[in-house]
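Reading the structure
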Amino acid sequence: MNINEGFTFLNFISNKNQSGTVTPSQFNQLADRAQMEFFEKDYAQWQLTQDITDALSVFLKSLATSVPTDGRLIYPSDYLHTSSMRHYFVFNNGGGKEVSVEEVDNLEFGQRTQSEIVIPTLRHPIYTDYADYMQFEPKNIGLITMDYFRQPTSPVWGFTLVNNRPVYNAATSTDWELPNETHSELVAIMASYLGINLRENDLIQYAELQKKELIND
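Heads up: these notes are all about the structure in this document. Here the structure is a predicted model, which is why all the values come from computation and not from measurement.

**Topic: the overall build of the chain**
Of the regular secondary structure elements, the chain holds six helices and 10 strands. Within the chain, the proportion of its 217 residues that are buried is 40%. Relative to all contacts within the chain whose residues are 6 or more apart in sequence, the contacts with residues 24 or more apart total 66%. Accessible surface, the chain: about 12600 Å² in total, of which carbon and sulfur atoms supply 49%. Seen as two clouds, the 15 positive and the 28 negative side-chain charges of the chain have centres 2 Å apart.

The following block contains the structure:
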């Protein structure tokens, strides 16, 4: 369903449950929050299994970029989570291969950079995350390729006022980026924020009831 169908469906459910009409601003906040909740749920599952779902794949990007000489790389503006990190290591004989850049926590990063035994090298580089940037060691790692999950675009139910009432405007609206098969679950999540707890069968029944009322209208 597109964002207008989601808006209509959620209001239908809300009114049937006597929870009142959902305003455009409320809907946009709920829609964005629901999309992020769904994303983070799938991301948590990915952390356990490393299986990228169809929903997550929408947000996966690959970026080849050069790390500054101080080893600090500012996050991309749409960055959310790292999937993998690698760089091309060149052997002394002129050949080379792509190797992983290991992610470590801040404590281990400090220990490894001060170690005389397990020193980070271009063959076995590491990085750690800070609030605004990633720190690499060795600092002269150069070109890296980062696969990461980007921030989902916020959905928007856009409208124009007609006789002082909001009317859907496709030109100023933004649909959910998640696949269509997730949209019913998104509406259910949004309904839960309104105190309406729905099961899958409830959604199906509401959808059928809405169709009947539209036909009768």
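**Some points on the nonpolar core**
Membership of the largest hydrophobic core comes to 34 residues, with the highest contact counts inside it found for Leu10, Ile13, Phe27, Phe39, Trp176, Met190 and Leu198. Those elements that provide at least two residues to this core are α1 (3–16), α2 (24–49), α3 (54–57), α5 (183–193) and α6 (200–216). Membership of the second largest hydrophobic core comes to 13 residues, among which are Val67, Tyr79, Val101 and Ile141.

**Examining the pairing of strand β7 (residues 133–137)**
The element β7 is largely enclosed, with a buried count of five among its five residues. Of the two faces of β7, the one lined by Tyr133, Gln135 and Glu137 and the one lined by Met134 and Phe136 are each fully buried. One ladder, built from three bridges, connects strand β2 (residues 72–74) with β7; its direction is antiparallel. Pairing of Leu73 across the sheet is with Met134, part of β7. Pairing geometry for strand β6 (residues 126–129) and β7, over four bridges, is antiparallel. The residue of β7 that forms the bridge with Tyr127 is Phe136.

**Quick notes on unusual backbone geometry**
Between Glu137 and Pro138 the backbone carries a cis peptide bond, its omega angle lying at 0°. Take Pro138: it is sitting in the loop between β7 and β8 (143–150). Even without glycine at this site, Gln50 takes up a positive phi of about 65°. Inspection of the secondary structure assignment puts Gln50 in the loop between α2 and α3. You will see that Asn163, though not glycine, has its phi angle at about 55°, which is positive. Counting through the fold element by element, Asn163 comes out in the loop between β9 (159–162) and β10 (165–168). Here Asn163 falls in the exposed class, since its relative accessible area comes to 73%.

**Observations regarding the environment of Asn106**
Residue placement: Asn106 occurs in helix α4 (residues 106–114). When the C-alpha positions of Asn106 and Thr128 are compared, they lie 6.1 Å apart, and in sequence the two are 22 residues distant. Within the local environment of Asn106, its side chain forms a polar contact with the side chain of Thr128, the two groups lying 2.9 Å apart.

**Digging into the pairing of strand β4 (residues 96–100)**
Alignment of strand β3 (residues 79–90) against β4, held across five bridges, turns out to be antiparallel. Pairing of Tyr88 across the sheet is with Glu98, part of β4. Where β3 hands over to β4, the hairpin turn is made up of five residues, of which Gly94 adopts a positive phi near 100°.

**Some points on α5**
Buried residues of α5: His183, Leu186, Val187, Ala188, Ile189, Met190 and Ala191, and no others. Following α5 by one or two positions, Gly195 adopts a phi angle in the positive range, close to 85°.

**Points about the environment of Leu194**
Residue position: Leu194 is located in the loop between α5 and α6. Taking the C-alpha atoms as reference, Leu194 lies 9.3 Å from Val22; in sequence the two are 172 residues apart. In this structure Leu194 touches Leu10, Ser14, Ser19, Val22 and Leu30, once residues within four positions along its chain are discounted.

About the cut-offs
Residues numbered from 1 in each chain as written. Predicted model: local features only at pLDDT ≥ 70, side-chain atom pairs only at ≥ 80, totals over all residues. Heavy atoms only, no water. Helix = DSSP H or I, 4+ residues; strand = E, 2+ residues; numbered from the N terminus. Buried < 20%, exposed > 50% of the residue type's maximum accessible area, 1.4 Å probe, protein only. Contact = heavy atoms within 4.5 Å. Areas by Shrake-Rupley, 256 points an atom, 1.4 Å probe, with all protein chains shown as cover. Lys, Arg positive; Asp, Glu negative; His and termini not counted. Charge placed at Lys NZ, Arg CZ, Asp CG, Glu CD. Core = buried A, V, L, I, M, F, W, Y, C linked by side-chain atoms within 4.5 Å. Pairing = 2+ DSSP bridges. Polar contact = N/O pair within 3.5 Å; in protein donor to acceptor, adjacent residues only side chain to side chain.

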